[in-house]
Amino acid sequence: MKETDVVIVGRGALAIFASIVARRRGLDAVRVGTGLPFERFLLLHENALRILERTCGEVVGHPLKGIRVLDRGLDLLRDMSFSRYGLRLHAMRYSALLSFLRERDDTPEVEGRVVVLEGDGLVRMEDGGAFRARRMVVNTAAGFAAPRLRFRHRKVFRTGFVDHCPDPDRVVQINDAGTYAAIVPFGRGAAIACSGDPAPLVRFLGGDPGLSDFRELHLETWCGTGMRQGRIFHVGEAMRRVHPHTGQGLNRALDTVDAIFAGDELFRERVYDCLMWAGGVMLDLSWGTSPLLRDLSYAVLDNAPGMKLLSGTMWWRRSRAS
Ligand SMILES: Cc1cc2nc3c(=O)[nH]c(=O)nc-3n(C[C@H](O)[C@H](O)[C@H](O)COP(=O)(O)OP(=O)(O)OC[C@H]3O[C@@H](n4cnc5c(N)ncnc54)[C@H](O)[C@@H]3O)c2cc1C
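What counts and what doesn't
Residues numbered from 1 in each chain as written. Predicted model: local features only at pLDDT ≥ 70, side-chain atom pairs only at ≥ 80, totals over all residues. Heavy atoms only, no water. Salt bridge = Lys/Arg side-chain N within 4 Å of Asp/Glu carboxyl O. Helix = DSSP H or I, 4+ residues; strand = E, 2+ residues; numbered from the N terminus. Buried < 20%, exposed > 50% of the residue type's maximum accessible area, 1.4 Å probe, protein only. Domains from an automatic or database assignment. Contact = heavy atoms within 4.5 Å. Buried area = accessible area lost by both parts, 1.4 Å probe. Polar contact = N/O pair within 3.5 Å; in protein donor to acceptor, adjacent residues only side chain to side chain. Nonpolar A, V, L, I, M, F, W, Y, C, P; charged D, E, K, R; others polar. Core = buried A, V, L, I, M, F, W, Y, C linked by side-chain atoms within 4.5 Å. Expected span 1.5 Å × (residues − 1). Pairing = 2+ DSSP bridges. Axes fitted to C-alpha atoms, helices over the stretch in contact; angles between N-to-C directions. Near = heavy atom within 4 Å. Areas by Shrake-Rupley, 256 points an atom, 1.4 Å probe, with all protein chains shown as cover. 1 Å grid on protein atoms, 1.4 Å probe; cavity = no way out; pocket = protein on both sides within 12 Å on 5 of 7 lines; lining within 4 Å. Sits in = over half its atoms within 2 Å of the grid points.

## Examining the pattern of salt bridges
Side chains that differ in sign of charge can pair as their charged atoms come close. Counted under the stated rule, the structure contains 34 salt bridges. Residue Asp 79 pairs with Arg 170 through a salt bridge whose shortest N-O separation is 3.8 Å. Taken together, the residues span a long stretch of sequence, with Asp 79 in strand 6 (residues 76-81) and Arg 170 in strand 13 (residues 170-176) at a distance of 91 residues. Relative accessible area serves as the criterion here: at 27%, Asp 79 is assigned to the partly exposed category. Classification of Arg 170 as buried rests on a relative accessible area of 17%. When salt bridges with common partners are traced through the structure, they connect Arg 11, Arg 31, Arg 102, Asp 105, Glu 109 and Glu 111 into a single cluster.

## Let's talk about the domain arrangement of the chain
When cut into domains, the chain gives domain 1 (2-63 + 89-150 + 219-313) and domain 2 (153-218). Taking the mean C-alpha position of each, domain 1 and domain 2 sit 25 Å from one another. At the interface, 21 residues of domain 1 touch 22 residues of domain 2. At the boundary of domain 1 with domain 2, total buried surface from both sides reaches about 2100 Å², with 63% on carbon and sulfur atoms. Our count for the contact surface shared by domain 1 and domain 2 stands at one salt bridge. A salt bridge links Asp 176 to Arg 294; the shortest N-O distance between them is 3.4 Å. The interface formed by domain 1 and domain 2 includes six residue pairs in polar contact (both at pLDDT 80 or more). When residues in the side of domain 1 that touches domain 2 are grouped by element, the largest group, four residues, is from strand 7 (residues 89-93). Partitioning the side of domain 1 that touches domain 2 into residue classes produces 10 nonpolar, five polar and six charged.

## Examining the nonpolar core
Where a protein is soluble and globular, its nonpolar side chains tend to be buried together. Counting residues in each nonpolar core, the largest one holds 41 residues, and the members touching the most others are Val 6, Leu 97, Leu 101 and Phe 261. Elements with a minimum of two residues in this core: strand 1 (2-9), helix 1 (13-24), strand 3 (41-45), helix 2 (46-56), helix 3 (94-103), strand 11 (130-139) and helix 5 (249-262). Take this core: its biggest share by element is nine residues, from helix 1. Apart from the residues within four sequence positions on either side, Val 6 is in contact with Ala 22, Leu 27, Asp 28, Ala 29, Val 30, Met 136, Val 138 and Phe 261. Counting 25 residues, the second-largest nonpolar core is a separate cluster that includes Met 80, Val 171, Leu 219 and Leu 310.

## Thoughts on the environment of Asp 258
Among the secondary structure elements, Asp 258 is positioned in helix 5. By relative accessible area, Asp 258 is classed as buried at 7%. Between the C-alpha atoms of Asp 258 and Ala 48, which are 210 residues apart in sequence, the distance is 9.9 Å. At 2.9 Å, the side chain of Asp 258 and the side chain of Arg 54 are in polar contact.

## Concerning the side chain of His 234
Turning to its location among the elements, His 234 is positioned in strand 18 (residues 232-234). Within the structure, the side chain of His 234 is placed 2.5 Å from the side chain of Gln 229, a separation counted as a polar contact. The contact partners of His 234, leaving out residues within four places of it in the chain, are Leu 117, Asn 139, Phe 144, Ala 145, Gly 226, Met 227, Gln 229 and Met 239.

## Things to note about helix 1
Taking 1.5 Å as the rise per residue, helix 1 with 12 residues should run 16 Å; its terminal C-alpha atoms sit 17 Å apart, in good agreement. With 10 of 12 residues buried, helix 1 lies mostly within the body of the structure. Residues Ala 13, Leu 14, Ala 15, Ile 16, Phe 17, Ala 18, Ser 19, Ile 20, Val 21 and Ala 22 constitute the buried set of helix 1. Positive phi appears at Gly 26, one or two residues downstream of helix 1, with a value of about 80°.

## Description of the sheet that holds strand 4 (residues 62-64)
Spatial ordering of the open sheet is given by 3-7-4, a layout of three strands whose pairing is antiparallel. The open sheet has two edge strands with one neighbour each: strand 3 and strand 4. In this sheet, adjacent strand axes meet at a mean angle of 30° when their direction is disregarded. Strand contacts of helix 3: strand 3 and strand 7, with the helix running at about 90° to strand 7, the strand carrying the most contacts.

## What about the site of the ligand?
The immediate surroundings of the ligand are formed by 28 residues, with Thr 34, Arg 40, Leu 43, Tyr 94 and Glu 237 found nearest. Here Gly 12 contributes a backbone N or O atom positioned 3.5 Å from an oxygen atom of the ligand. Contact distances for the ligand include 2.8 Å between an oxygen atom and a side-chain N or O atom of Glu 237. Isolated, the ligand exposes 1000 Å² of accessible area, and the fraction of that covered by the protein chains is 90%. Comparing atom positions with the cavity grids shows the ligand to sit within the largest pocket. Going through the elements one at a time, helix 1, strand 3 and helix 5 are the ones with two or more residues in the shell around the ligand. Classifying every residue of the shell around the ligand by side-chain character gives 13 nonpolar, 11 polar and four charged.

Next up, the structure:
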């Protein structure tokens, strides 16, 4: 059995980020994982950009001014400007972030499925191999922590990419009775996530983007309790799944990894996770059933404190105060 300070479980962006942070802190680390996450878009908020910049020395992604919300007639409901509050919002492909992080990482990686995690730092692989973490196990793989506060969405999402975008400066959200779409530009082209009636999206794009070839996602939202089990820290989608339309999954997870290695209290991370989970559920419930709830959600967010909350900069982590 191999012993190291830190064992990181997973091969996604979060696992690689955790490996970089561990090595920067002088810890001996190994990463174990299997498979590769599927392609998707990412919106990176101010806090995540600061964390990535501080750790990797460079800003990533395509800068956007904010989010424009339209109704099904494509009339403007809200123009939420992050730049007005001095907050950044960048978009990028998941694979681009993965390559960016991989180029900066030299952590040894072992390919294989993890089947057992134990609180004393034992990590058992399907092929019989095992590792022991002297300090901690950072787990990014779902399935080892019981999901709580579960909300099953009845909506099916489709996600894919197009090579042109009518508004290259902003995320456009169509959010109205029976229809939802997010169009996220990258500079050249855009990512689309949609649910329900596609007609307003098709009108906005000036034609069908090839929806029948898009990846279908059946999403559920949940927020676990007990992020820590002995030496194991469950982070990102190992601990909770927030809806992609809130653009918070990776953003929150980067913050949590940063907090773990900085030795900060995790209670605050949990509160933030739960707030984001509740916000996602509220937005999701509002589609097609209550324009009032939808408008209320945006009104709560479209001001300086709301945008700070969304950008992850409202937080009062001890290590950030200095
Ligand atoms: C369509 C879509 C859009 C999104 N948009 C945003 C956004 O705009 N902003 C944002 O912040 N977040 C967004 N998210 C969420 C974000 O992508 C995830 O929260 C984040 O990527 C999770 O981190 P990860 O990539 O490391 O995890 P995962 O992709 O879940 O990776 C986990 C890794 O662990 C490996 N693994 C799994 N099981 C095992 C096992 N038993 N043993 C070993 N390895 C294992 C997997 O193969 C994988 O490599 C979006 C998600 C989707 C689906």
